[in-house]
Amino acid sequence: MEIIVYGIVNSVSLALMALGFTLVYGISRLPNFAHGAFYILAGYLAWVGIRSLNMGYIVSVLLTIFVVGILGMAMYRFFLIRVRGMPISEIIASYAMGLFILEALRWKGLKGMTFTLPVIYPGTIFLFDVPVDYQRLLVVAIGAGIVAGLWLFTKFTRLGLALRGIAQDEQAAMMLGIDSDAMATVATGLGSALAAVAAIVLLPLGNIVVEAGYQVLIFAVAVCIVGGLGSWAGAILASFIIGFAQILTVSYMQSHFQVVVALLAIILTLIAKPSGLFGRQKQLEERV
Amino acid sequence: MNMDKPLLKVEGLSKTFGGLQAVQDVSMVLYQGEILGIIGPNGSGKTTLVNLITGFIKPDKGSVKFRGRDIAGWPPHKIADLGIVRTFQNMRPYYSLEAYRNLIVPLNSPRAKRMGMGRWGERDTVALDILEEIGFERDSFVPYKKASALPTGYLKRLELARCLALKPEVIIADELFSGLSASEIASLVPLIEKLQGGGITFIMVEHRLRELFSLANRVIALDFGTKICEGSPKEVMANPRVRQAYLGPGGSD
Amino acid sequence: MAEVQRRKERLDRGIKVRAESIYAVSSWEEAAYLLAPRIILVLGLLLAPLLVQSPYWKRVVTVVCVYGLLGLSFDFLAHFVGLVSLGGALATGVGGYASALANKALGLPVFLSIPLASLAGGVVCTVLLLPCLPLRGVYFAIVTLMYPLVLSRLVEAFNILGGTDGIPGVQGFGGPWAESYIIISALLLCLFGLRRLVNEDLGLILRGVKDNDQAVKASGISVTRYKAIAVFIASTLGCLAGAYLAHLYMWAGLSLFALDFSILPIAATVIGGGGTLVGAVVGSMILIPLSELLREFGTLRIAFYALVLMGFIVVRSEGLMVWAQRKYHQFERWVQI
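Summary of the structure given here.

How each quantity is defined
- Residues numbered from 1 in each chain as written.
- Chains lettered and ligands numbered in written order.
- Predicted model: local features only at pLDDT ≥ 70, side-chain atom pairs only at ≥ 80, totals over all residues.
- Heavy atoms only, no water.
- Core = buried A, V, L, I, M, F, W, Y, C linked by side-chain atoms within 4.5 Å.
- Buried < 20%, exposed > 50% of the residue type's maximum accessible area, 1.4 Å probe, protein only.
- Helix = DSSP H or I, 4+ residues; strand = E, 2+ residues; numbered from the N terminus.
- Contact = heavy atoms within 4.5 Å.
- Polar contact = N/O pair within 3.5 Å; in protein donor to acceptor, adjacent residues only side chain to side chain.
- Pairing = 2+ DSSP bridges.
- Axes fitted to C-alpha atoms, helices over the stretch in contact; angles between N-to-C directions.
- Parallel < 35°, antiparallel > 145°, perpendicular 65-115°, else oblique.
- Left-handed = near helix turned anticlockwise from the far one by under 90°.
- Phe/Tyr/Trp six-rings, centres within 6.5 Å; stacked < 30°, edge-to-face > 60°.
- Lys NZ or Arg CZ within 6 Å of the ring centre and 35° of its normal.
- Buried area = accessible area lost by both parts, 1.4 Å probe.
- Salt bridge = Lys/Arg side-chain N within 4 Å of Asp/Glu carboxyl O.
- Nonpolar A, V, L, I, M, F, W, Y, C, P; charged D, E, K, R; others polar.

## Here's the deal with the nonpolar core
In this structure, A:Tyr39 and C:Phe76 are the most contacted members of the largest nonpolar core, which totals 259 residues. Among the elements that take part in this core, helix 3 (residues 55–81) of chain C stands out by supplying 16 residues, more than any other. Excluding its chain neighbours within four sequence positions, the residues that come into contact with A:Tyr39 are A:Met17, A:Ala195, A:Ala198, A:Ala199, A:Leu202, A:Leu203 and A:Val216. Ranked by size, the runner-up nonpolar core spans 27 residues in total, among them B:Met28, B:Leu30, B:Leu36 and B:Val50.

## Structural notes on the side chain of B:Thr87
All names here are of chain B. Mapped onto the fold, Thr-87 is located in the loop between strand 6 (84–86) and helix 3 (99–102). Here Asp-174 takes part through its backbone nitrogen, which lies 3.0 Å from a polar atom of the side chain of Thr-87. Leaving out residues up to four positions away in the same chain, Thr-87 has contacts with Glu-159, Leu-160, Arg-162, Cys-163, Ile-172, Ala-173, Asp-174 and Leu-176.

## Let's talk about the environment of A:Asp181
Residues and elements named next belong to chain A. Within the fold, Asp-181 resides in helix 8 (residues 180–202). Judged by relative accessible area, Asp-181 falls into the partly exposed class, the value being 32%. Distance in space between the C-alpha atoms of Asp-181 and Arg-77 is 8.2 Å, their sequence separation being 104 residues. Sequence-distant contacts of Asp-181, defined by excluding residues within four places in its chain, comprise Tyr-76, Ile-81 and Arg-84.

## Considering the sheet that holds strand 4 (residues 61–66) of chain B
Residue and element names in this part refer to chain B. Overall, antiparallel pairing links the four strands, which are arranged 2-1-4-5 in an open sheet. Looking at strand neighbours, the two that pair on one side only are strand 2 (20–31) and strand 5 (69–70), the edges of this open sheet. Where strand 1 (residues 6–17) and strand 4 come together, five bridges link them in antiparallel fashion. Bridge pairing in strand 4 links Val-10 to Val-64.

## So, the packing of helix 5 (residues 134–156) of chain A against helix 8 of chain A
All names here are of chain A. Where helix 5 meets helix 8, the axes come as close as 10 Å, and the angle between the chain directions of the two elements is 160 degrees. Taken together, helix 5 and helix 8 sit at an angle that is classed as roughly antiparallel. Like other packed secondary-structure pairs, helix 5 and helix 8 cross with a definite hand, here right-handed. Taken together, the residues of helix 8 that come into contact with helix 5 (itself represented by Gln-135, Leu-138, Val-139, Ile-142, Ile-146, Leu-150 and Phe-153) are Leu-190, Leu-194, Val-197, Ile-200, Val-201 and Leu-202.

## Remarks on the packing of aromatic side chains
All names here are of chain B. Tallied over the entire structure, the rule returns 13 aromatic pairs over all chains. Geometry around Phe-56 places Arg-86 over its ring, the cationic atom sitting 5.0 Å from the centre. The positively charged end of Arg-92 is found above the aromatic ring belonging to Phe-88, 4.7 Å away from the centroid.

## What about the interface of chain A and chain C?
Contact with chain A, which involves 42 residues of that partner, is made by 41 residues of chain C. Summing both partners gives a buried area of about 4000 Å² for chain A against chain C, and 82% of it is carried by carbon and sulfur. Remark: the boundary between chain A and chain C carries zero salt bridges. Inspection of the chain A/chain C interface yields zero residue pairs in polar contact (both at pLDDT 80 or more). Of all the elements in the fold, those that place two or more residues in the side of chain A that touches chain C are helix 4 (87–107), helix 9 (210–227), helix 11 (258–272) and helix 12 (281–287) of chain A.

## What to know about the packing of helix 4 of chain A against helix 9 of chain A
All names here are of chain A. Helix 9 packs onto helix 4 with a crossing angle of 155 degrees between their chain directions and a minimal axis gap of 9 Å. Comparing the axis directions of helix 4 and helix 9 gives the class roughly antiparallel. Residue-level inspection shows Tyr-95, Leu-99, Leu-102, Glu-103, Leu-105 and Arg-106 of helix 4 in contact with helix 9, the latter providing Val-210, Glu-211, Gly-213, Tyr-214 and Leu-217. Counted by class, the contact of helix 4 with helix 9 contains seven nonpolar, one polar and three charged residues.

Listed below in structure tokens is the structure:
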């Protein structure tokens, strides 16, 4: 029972980490290797807002999500746009951006136990005789809420439909008057804001440390590869597979193996079904 | 051509892409030494058929037999190794390499080595020979130009040259004539006839019906992924279903 | 906005045209003009340990060469095969541990353990990366990023190979001269070897794979096989660097899997100019001494590399050597339009 409850929580956490990355790559084929850095940056900004500036929880959180979203847009608009279409440079440039943010934060002293975000409702509840704190339940609720919200957004709003148009066929969408660069800017902004949301919900469960930034990036990409890119259902299913696999390894082995499990999942997927669980032929050609 | 020597036998080949039946139950025979034309309107599954035969896409169902051996589902390089080579509709040269060095790559393939297409140190010369045969002026700068600097006509020839470097048995040419001017096509036609005379069998997937009908011995017409007609160029041209596929329902001259 | 009235025109210098396509370089002045950059590089590297006095800067010269090797390995894979590896530390780690084991467990001397560890490490890395070879671009990059992390976790978790303490007491080189000249000659050998290789048949196939792997498949060549060969070559270079480091510090430990070995070579290559090979070496000649000067800033160093990397990608993405080669071999002039 414990495994099921914690498995679900862990899976939803993974999905939250991965959503932003999948969104950006799915829409504009841009691998945002700074994703993990934005996650940690959001945690740090929220901490500054709450602890140093005493702005109150709600204000700091909203402001953080907004600022990180704007930063993501700025990163695309002023930086990544110059290397668009050169895959090698795209990877290196966004990774360099992420490294810069993370290592600068490390230099600011972001390590150890000093930096923690407050949980929203402290306390624990017993679910099927398993103790779960409210924050973890909140993770599941917010994760579900975001998935539903994004689904509605891409199905029913003008902007959402435009984003889907770019995702499916960039050139056709451009001919219909959709600005590809503007959409990519929006997508990076949205992706970064999602990273911020994930950070604010997930970081209270641990400390804000730089290493977590690298881990988030790795987990996000693992989920994307296993799930098949651009497929929401695939990403969510993959989060559950990797999430449960991790919880199982943690409870039967040491926690060192969490990253190992993610890599194993990738390699097994590649051998068994190179297009990912929900990948389609077009993606397969792109990948292999 | 030799009607009692089937070289390639395709039976019941099918492929669906997420609900779209791209190729449906196509069967055909390719005889040694002939030029087989494949025609069909846009989206009729011609290129998919080429991809299925050459292994670039794995078929859902059906068999492709080359000299009696089922090669359906083999990886593309193994199929090319048997001598079934293809050109790409949108040309795929190595843009950063010079024209003659584009041929060094296929000349290093296991098949080319087996067929004695030049040893180490001779390959440059062999590459230049092939390019000359295919219409690159040997004493000019053209063979030494980067592929990215070559015009379409030469790139199409380079596609053919890549096939020739493998000493092929079958060349599957995917829209070789598209994007070329009438005079460029006119200079390619005798070349293909010469290669056919040299014992190479062709499958030519084409949009340009007039040029194809003058070259092909037999023609197959596809529409919506199924074979609608097969026969001599004249028979196919006269077939009402082919006219309908090209001109739309109720269409006529 | 003012209308653009002129554009820059670039023309190859006569000597370049003749040297490349007609092979008619007659006078010794012309030969010298063509050979000068090469001679300067070789002599500069060979004389460097003689010119610097303090042992500290001698050590910096060797570290430059180590990163030069790693940069060569990255540049070769990224710009001649099309595989972007963010995990150069995989090779240094594997090579370092392999050499330490060969030295300590098998009792081999340095001059045997380094080459043996390079080759064996190359094989190990290739086998590890084999399942990922069909991957392209982003996917390959991220998977390689994970490898060094995973391996160091495994060493930690199973407490093998000395665990977090590493393997101490690896045999050293016994003197600063051997230390310097082993790595300098290895670097020069690899640099000119690779430059030759990418114009040989094997190199042309690999460049074909980078340009267009579909066409390579259509030529009856197994792309995976050639990617494996390329990964073997690149990881052998990386393992050589790692093995050398293990003997240099007389210790093999988890720090051989550190992020520096993945990131610095990439930064050096981008700064020096990707796709030129020599650019990776020149890049590390600039970056490493700079980072030594910044040593007191501690971990901010990596942030600094990242910043330089970003700046170069945005402002001068071609890199120094591409720019320098252009200046050396071409006239530039403004023409009215």
